[in-house]
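# Report on the structure
One letter stands for each residue in the lines below.
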Amino acid sequence: MKLVLVDLGCGNLGSVRLALGRFGIEPVVTADAEEIVSADKVILPGVGAAGFAMERIGALGLRGPLSSLKQPALGICLGMQLLFDRSDEEATDCLGIIPGQVRRLEPAPGLPVPHMGWSRVEVRDPELGLVSGDYLYFAHSFACDDGPATAASATHGRGIPAVVRSGNWLGAQFHPERSGEAGARFLESFLQ
Amino acid sequence: MPARRIIPCLDVKDGRVVKGVRFRDHRDAGDIVEQATRYRDEGADELVFYDISASAEDRTLDLDWVREIARVIDIPFTAAGGLRTRDQGAACLDAGADKLSINSPALERPELIEELARDFGSQCVVLGVDSYQRDGDYFVHQYTGSPDKSRDTGLRTLDWVRDVCDRGAGEVVLNCMSRDGVRSGYDLDHVAAVMGALTVPVIASGGAGAPEHFRDAFVAGASGALAATVFHDRIIAIPDLKEYLAKCGIEMRR
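Residues numbered from 1 in each chain as written. Chains lettered and ligands numbered in written order. Predicted model: local features only at pLDDT ≥ 70, side-chain atom pairs only at ≥ 80, totals over all residues. Heavy atoms only, no water.

Before going further, it helps to examine the overall build of chain B. Along the backbone of chain B there are ten helices and twelve strands. What you see for chain B is a C-alpha radius of gyration of 16 Å, in line with the 18 Å of a compact globule of 254 residues. Looking at chain B residue by residue over its 254 residues, the buried ones come to 62%. Pairs at least 24 residues apart make up 65% of the contacts formed inside chain B by residues separated by at least 6 positions. Summed over all atoms, the accessible surface of chain B reaches about 9,300 Å², with 44% contributed by carbon and sulfur. On chain B, the mean spot of the 32 positive side-chain charges and the mean spot of the 43 negative ones are 2 Å from each other. (Helix = DSSP H or I, 4+ residues; strand = E, 2+ residues; numbered from the N terminus. Rg over C-alpha atoms; globule rule 2.2 N^0.38 Å. Buried < 20%, exposed > 50% of the residue type's maximum accessible area, 1.4 Å probe, protein only. Contact = heavy atoms within 4.5 Å. Areas by Shrake-Rupley, 256 points an atom, 1.4 Å probe, with all protein chains shown as cover. Lys, Arg positive; Asp, Glu negative; His and termini not counted. Charge placed at Lys NZ, Arg CZ, Asp CG, Glu CD.)

Next up, the structure:
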């Protein structure tokens with residue numbers, strides 16, 4: 001299987017690449033459109049800011065190729081947020097694969113932001129490799145709108161999608177590579 | 001609010017885990033990867049690795065052990081020690097660290113926090129603060145990894161944490177130096193004061209000696225509690241600690 005890890009030059013690919021190694025997979029790390037389009041599976045990781053990431057996607061000519069992928073693809077954290085129409089983070093137009101907006105989480109007493117740590121999830125889609133009650137690791141200040149694409153949800157002040165699914169795309173707001181045994185189940189299910 | 005986090009802290013010196021009392025007299029406490037794996041298996045929610053002499057020796061941390069840890073564990077970990085530039089931070093994240101903890105270098109050049117937060121997001125920028133009680137207030141100390149270079153900056157801790165979080169830090173590890181390694185409990189008043197000044201998660205550090213101390217830190221509102229001695233010396237087992245805290249009504253990942 002050819003798995004491409006999209007390298008936007010702004011994320012930490014390290015933890016995802018090493019996690020795939022635990023499944024015996026050596027991903028192709030690239031930003032080349034042809035390589036991405038010809039992959040069996042694609043992972044779009046992301047740590048950083050939406051504005052900078054979309055700028056990189058534009059500069060690398062990846063907007064069209066990413067939007068028209070047909071093979072199974074997974075966006076992680078910022079990589080999931082980029083699938084939506086628009087992010088409030090630096091008022092950024094994103095890929096528009098999933099309808100909805102990405103909004104800032106508002107802190108409140110007893111509710112610090114970033115949402116950082118292990119949150120319990122409710123699972124709506126039985127084919128994610130996850131079960132309701134699993135704890136998954138989150139680290140984010142912006143969150144996607146809850147909507148028809150939500151496949152698993154967590155709560156941090158408001159309900160936030162932990163996993164979204166739309167066609168060939170999956171998005172994980174949590175970090176599967178850092179979510180222990182439950183995260184490994186999720187990754188394994190995507191890699192199968 | 002997510003489950004409260006139990007965070008073993010591993011001080012690293014010359015590639016080995018060490019532990020000192022009140023930042024002095026470091027003694028060997030084991031191999032890094034073995035220790036990381038042990039804590040992961042016992043149910044630690046996150047790990048912190050401080051290369052304690054890096055800042056004082058004017059060098060950055062060794063990426064080899066960051067890669068080794070990232071390869072073997074599947075829980076988040078923070079790396080710290082002499083990260084002075086945006087590019088050193090990038091290299092450390094690329095080696096597989098989830099978060100960067102910045103302490104002395106932020107005191108040298110606070111703009112570093114802005115640069116890291118802008119390029120990698122606030123969620124991976126942690127401010128480490130060594131806070132010392134003096135004259136009825138708390139002040140920030142620098143270069144605490146080296147007894148010879150350690151100094152009082154004269155900065156009030158509350159002013160400093162506010163400033164750095166305005167610059168984009170996404171979490172604060174508050175280490176109360178007068179409690180470090182003494183096992184008499186976290187400085188709860190100080191934790192509460194710092195939390196009151198900030199909207200980001202605050203991690204209590206320094207002074208844990210008994211399960212009740214963790215409970216008190218969480219009741220005071222800390223998002224996580226960090227400890228070294230009680231875990232390294234097997235005075236408290238993490239599974240027992242989590243069971244106790246859950247019985248106290250504190251949400252734990254188990």
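Now for the pairing of strand β8 (residues 137-142) of chain B. Residue and element names in this part refer to chain B. Taking burial as the measure, the six residues of β8 include five buried ones, the bulk of the element. Taken together, the five bridges between strand β7 (residues 125-134) and β8 define a ladder with antiparallel strand orientation. Residue pairing across strands places Gln133 opposite Tyr138, the latter belonging to β8. Hairpin connection, β7 to β8: the antiparallel pair is bridged by two residues, and Asp135 has positive phi, about 50 degrees. Direction of pairing for β8 relative to strand β9 (residues 151-156): antiparallel, over a ladder of three bridges. The partner of Phe139 across the bridge, within β9, is Arg156. (Pairing = 2+ DSSP bridges.)

A few words now on the interface of chain B and chain A. Listed by partner, the interface residues are 38 residues for chain B and 33 residues for chain A. Between chain B and chain A, a total of about 2,700 Å² is buried, with carbon and sulfur atoms accounting for 56% of that surface. Between the two partners, chain B and chain A, sit one salt bridge. For Arg178 of chain A, the salt bridge goes to Asp98 of chain B, with nearest N and O atoms at 2.6 Å. Our enumeration of links across chain B and chain A arrives at 14 residue pairs in polar contact (both at pLDDT 80 or more). It is helix α2 (residues 63-72) of chain B that contributes the most residues to the side of chain B that touches chain A, four residues altogether. For the side of chain B that touches chain A, the per-class residue count stands at 17 nonpolar, six polar and 15 charged. (Buried area = accessible area lost by both parts, 1.4 Å probe. Salt bridge = Lys/Arg side-chain N within 4 Å of Asp/Glu carboxyl O. Polar contact = N/O pair within 3.5 Å; in protein donor to acceptor, adjacent residues only side chain to side chain. Nonpolar A, V, L, I, M, F, W, Y, C, P; charged D, E, K, R; others polar.)

As a further point, take the packing of helix α8 (residues 211-219) of chain B against helix α10 (residues 238-247) of chain B. All names here are of chain B. As a packed pair, α8 and α10 sit with axes 10 Å apart at the nearest point and diverge in direction by 50 degrees. Between α8 and α10, the angle falls in the class oblique. Considering how the two elements wind past one another, α8 and α10 form a crossing that is right-handed. Touching Pro211, Glu212, Phe214, Arg215 and Phe218 of α8 are Leu241, Tyr244 and Leu245, all from α10. Taken together, the residues of the contact of α8 with α10 break down into six nonpolar, no polar and two charged. (Axes fitted to C-alpha atoms, helices over the stretch in contact; angles between N-to-C directions. Parallel < 35°, antiparallel > 145°, perpendicular 65-115°, else oblique. Left-handed = near helix turned anticlockwise from the far one by under 90°.)

What follows covers the pattern of salt bridges. Enumeration according to the criterion identifies 36 salt bridges over all chains in this entry. Residues Arg165 of chain A and Asp125 of chain A are paired through a salt bridge, measuring 2.7 Å at the closest nitrogen-oxygen approach. Taken as a pair, Arg165 of chain A in strand β13 (residues 158-166) and Asp125 of chain A in the loop between β9 (122-123) and β10 (135-140) lie far apart in primary sequence, 40 residues in all. The partner of Glu68 of chain B in a salt bridge is Arg71 of chain B, with the nearest N and O atoms 3.7 Å apart. Within this pair, Glu68 of chain B and its partner Arg71 of chain B are both found in helix α2, separated by three residues, close to a single helical turn.

We now examine the confidence of the model for chain B. Across chain B, the average pLDDT comes to 91, with 96% of residues at or above 70. Our summary of model confidence lists the complex with pTM equal to 0.94 and ipTM equal to 0.93. (pLDDT = per-residue confidence, 0-100.)

Another aspect to go through is the sheet that holds strand β5 (residues 84-87) of chain A. All names here are of chain A. Pairing within the open sheet is mixed, and its four strands lie in the order β6-β5-β7-β11. Because the sheet does not close on itself, it has two edges, and the strands there are β6 (92-93) and β11 (142-144). Pairing between β5 and β6: two bridges, direction antiparallel. When the bridges of β6 are listed, Arg86 appears paired with Asp93.

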